[in-house]
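# Structural overview for review
One-letter residues, chain by chain:
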Amino acid sequence: MSEQNADTEIEPSDAGATKREGAASSERIRARPDQLARGTAVGRYVIMDELGSGGMGVVYRAFDPELDRKVAIKLLQADAAGESIGGQAWLQREAQAMARLSHPNVLAVFDVGSLPGDRVFVAMELVDGTTLRQWLKEEPRSWREIVPVMRAAGAGLAAAHATGLVHRDFKHDNILVGRDGRVRVMDFGLARLVTEIDPPQGETPDSQIEVKSPLAMHLTEAGSLVGTPGYMAPELRTGHAADARTDQFAFGVAVYEALFKVRPYPKSAPKGSKPKPPPADSKVPASVVRVVMRAISPDPAERFASMDALLAELAIDPAARRRRLMFAGAAVLALGGVAAGGAALMRSHQQVCTGFDARLAGAWDAPAKLRIKTAFDATKRPFAGKAYDSLARDVDEYAHQWTEAAVDACKATRVRGEQTEEALSLRESCLDRRLDELRSLAQVLAGADADLVEKADDLASGLEPLHRCSNLAALRAPGLPPTEPKPVVVHTEQLLADAKAQLLAGHHLQAVNDATQAQHLADELHYTPWKAEGLVVEGAAWAGANNIEKAGQQCSAAVWKALDGHRDDLTAQAALCAAATSAQHEMAQARIWIHLARTFGARNGSDPETELRALEVEGLVDASTGDIAASVAVQQKALALAERLAGNNKNEVWRDEEVIGTTYARVGAWDKSLPHLERALALHEAYVGPDHPDIATILTTLGAAYSKAGRLDQAKLSYARALAIREKAEGPDSPSLVLTLNNAADGMIKAGDIPGAIVYLDRAKQLADKSLGDSNPLTQAVATTRAEALAAGGRIAEARAQYDAVLAIEQETLSGLLAATLTSRMTTELGAKDWAAAATFAQRAIDTVEATAGKESPDLWEPLAGLAHADIELGHRTDAKPLLERALAIADKAQISPTELAPVRQLLATVDKR
């Protein structure tokens, strides 16, 4: 739905448009309901402002707080009888029909619901753009501009036809042209709605009609023939049902009207009339005219067999046709025995594998990059320019590698004779899919919002490695994919490409939607590898959406489907997905998945990307078991492999450096974490610039490391810079500030600046209360840090009250921070010399960690040492020694710094002396 022209019905009519018979009844139908005020809840959506109104009701801009995005809400108005125009069933049919479609050229419908008074609403995509009718009016458009736009709209129709849907009211007003250049078809199933449109030049306006006809098959539930007369196929008027051919007719009329500024049939054309010929002085190529005239033939049998067939013809430009004819003529001469033909072929032999870079047009070319840069700049993020430059550089390199791979595949068969035509076909098919994925990603990037711009640094590295398209053993393994029915095959491949692009962009629910639809089509095609591929993407998307249980189910299902489909590479990817979802809670199962991934990943030759991912997940599993030495050793291997794969682009290494630094920091090995965090900062800042939120994240962790290592001045500088970046990028009220404020306050506590810490914590609490709620771990962390600040300032009673409040919430919500808060409370009681209370909270902390993370968890050493300290003070020295020995064993394994362990060793020495 367009932000500027949100609905086909909101364009104002000509002054003369309302001065006709029936105007009064039309105006009664167009009477709008009471305007909804800003902030009104419509379902789960919050109204922001009105975009426009018309025959079907009112369109609002709204906000979806659940998915944090803007949407368009189409609110159907009530007619004189108090019922929604078209009926609630009709609107639900539109939502269901369009929700089944996931295609770049179809407007996305997200939701449908009802309101009191039998009113119905549809939540749909909000598009910055305008209708095709308005786009054509804005400035003169040449046929070279119009045809690509109409082809894109036709692709949306073709996608609908492939799923058995018919639009029934295709016209200029139901086509949106986005500012990003993307074209979308909208309003499937709303054909009965009354609308007014601006007429073509020289014609009077006509409204969408409802004609009572006992013969009509193209009917509403009320028994009315629906459609817009100028676009309606002749057979609809004689009782034939609407089908793909009637949509094709409407499409042809829309193209004719766009090209020649007039419709091909007069409004009162008698049965059997032929369309007007185009103007004699038209500059539109004859090849384009032939396609259009065939599409609008009065006889359905004379039209194209499908929209796909029509679009295939419309895609061939005149120059390409001439080249094809010239080549055909040359072939005839060669067959006739002309000696020069063989010589010419020999001279062109080395040039046969050229021109592949032209295939990047529309996927990654100057117009695509301009659209993306414009979208990035429009977000006004301070790092947008740097983010675009780095992204463009990486994708340029990927596009260059794609061209080189395509040339190499061609030469291997056509020049060097090293492989068969069958091998070339497999490699080209794989490269075609990579190109489709790149095109889908470019389309997503062209509509980038601030969140996507922030993720841009990781997008290029997420594209499928191109070297896999040279692995013939892997490509041959599953057998050739299906080729028929072609529309279903093409749509399935496009859905998979779109799903991967949405996953990379962080649009997890859209990725799930696309991947699920691809799986359904793969079932229809009986091609298991595509089913497995869809499951892998869906599992990864659920993981990204934090639904770990669902992610684990889909990833494990993907493993078995990939095995069924003989896709070893997909089996490895699915197993790694399953391992990652098990890494923190089912470590033994995770190790099995990792082993399975390595086994199948190596079946058709080594795949370094698979091994890198396996190492990263293995390091996570080792860290979860408390074996920090093993975890860091594996992560160091991952870092070395990442260095080799990255080549000169060291940005791809920063994440592995950050992981090692964070692993050390998590267990308190601050001195060891610092060099890794510092290098991660330097590498990533060189790539994304100094203002990116990622830099704030690293600085926040660095601040904690500096603080714990006693380098308080550096900690203060790191926190201050992190806060400045966050505030500049996201504003002073962003919830992303909460963690930085909390950690900065922790540093102030250690520096003895308790009043300053309280100021930071109060601000963090205000932001957390406003946007996160009590059940959020960040809110709980702030409450615990505030209790620590109060205790450090000698306000023990207030600290205990703060602890009691946050512990109650954490116990109720089964918070993952419960053990840490209990340990903090233990430390406070030790400081207050309330040994019995300290022992109580220490034991509760131990019990909680053992129940959730096992008896070897690094989180155990501190409460074990605290319990031993309390026992010594309470006179239970014999109980203290085993506790201290166990604490030190766990801490040494976790590589806790000697400085932090010195008090524990001193306690043990004291026990041993006595």
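## Some remarks on the overall build of the chain
Tallying secondary structure elements over the chain gives 35 helices and eleven strands in all. Considering only contacts within the chain whose residues lie at least 6 apart along the sequence, 63% involve residues at least 24 apart. In the form shown here, the chain has an accessible surface area of approximately 39,500 Å², with 54% of it arising from carbon and sulfur atoms.

## Here's the deal with the pattern of salt bridges
What the rule picks out here adds up to 53 salt bridges. Residues K171 and D169 are paired through a salt bridge, measuring 3.4 Å at the closest nitrogen-oxygen approach. Of the residues examined, D169 reaches a relative accessible area of 5% and is grouped as buried. The partner of K531 in a salt bridge is D523, with the nearest N and O atoms 3.1 Å apart. Among the charged side chains, a salt-bridge network with shared partners connects R433, R434, E437, E464, R468, K500, E533 and D607.

## What about the confidence of the model for the chain?
Summing up the model confidence of the chain, the mean pLDDT is 80 and the portion of residues at 70 or higher is 83%. The low-confidence segment residues 190-225, where pLDDT is below 50, has 116 contacts with residues more than four positions distant or belonging to other chains.

## Quick notes on the environment of T516
Relative to the assigned elements, T516 resides in helix α16 (residues 508-525). The sequence separation of T516 and K531 amounts to 15 residues, and the corresponding C-alpha distance is 8.9 Å.

## Focus: the state of the cysteines
All told, the structure shown has two disulfides when counted by the stated rule. The disulfide partner of C555 is C577, and the S-S distance across this bridge is 1.9 Å. Placement of the pair is C555 in helix α18 (residues 548-564) and C577 in helix α19 (residues 568-582), with a sequence separation of 22 residues. Classification of C555 by relative accessible area gives buried; the value is 1%.

## Considerations on the nonpolar core
The nonpolar side chains of a soluble globular protein tend to be buried with one another. Residues L702, W861, L864, L884 and I896 are the most contacted members of the largest nonpolar core, which totals 68 residues. Filtering out sequence-adjacent residues up to four positions away, L864 remains in contact with I846, L883, R886, A887 and I890. Membership of the second largest hydrophobic core comes to 46 residues, among which are F376, A442, A446 and C469.

## Comments concerning the packing of aromatic side chains
Summed over the entire model, instances satisfying the criterion amount to seven aromatic pairs. Between Y527 and W530, the aromatic rings sit 5.0 Å apart at their centres with planes inclined by 80°, giving edge-to-face as the arrangement. Given a relative accessible area of 10%, Y527 falls into the buried group. With a relative accessible area of 2%, W530 lands in the buried category. Taken together, a centroid distance of 5.9 Å and an interplanar angle of 50° make the contact between W560 and W593 tilted. Taken together, the residues W560 in helix α18 and W593 in helix α20 (residues 587-601) connect sequence positions 33 residues apart. According to the relative accessible area criterion, W593 is buried, its value standing at 9%. Here the basic side chain of R69 rests over the ring of F110, its NZ or CZ set 3.8 Å away from the ring centre.

What counts, and at which threshold
Residues numbered from 1 in each chain as written. Predicted model: local features only at pLDDT ≥ 70, side-chain atom pairs only at ≥ 80, totals over all residues. Heavy atoms only, no water. Helix = DSSP H or I, 4+ residues; strand = E, 2+ residues; numbered from the N terminus. Contact = heavy atoms within 4.5 Å. Areas by Shrake-Rupley, 256 points an atom, 1.4 Å probe, with all protein chains shown as cover. Salt bridge = Lys/Arg side-chain N within 4 Å of Asp/Glu carboxyl O. Buried < 20%, exposed > 50% of the residue type's maximum accessible area, 1.4 Å probe, protein only. pLDDT = per-residue confidence, 0-100. Disulfide = S-S within 2.5 Å. Core = buried A, V, L, I, M, F, W, Y, C linked by side-chain atoms within 4.5 Å. Phe/Tyr/Trp six-rings, centres within 6.5 Å; stacked < 30°, edge-to-face > 60°. Lys NZ or Arg CZ within 6 Å of the ring centre and 35° of its normal.

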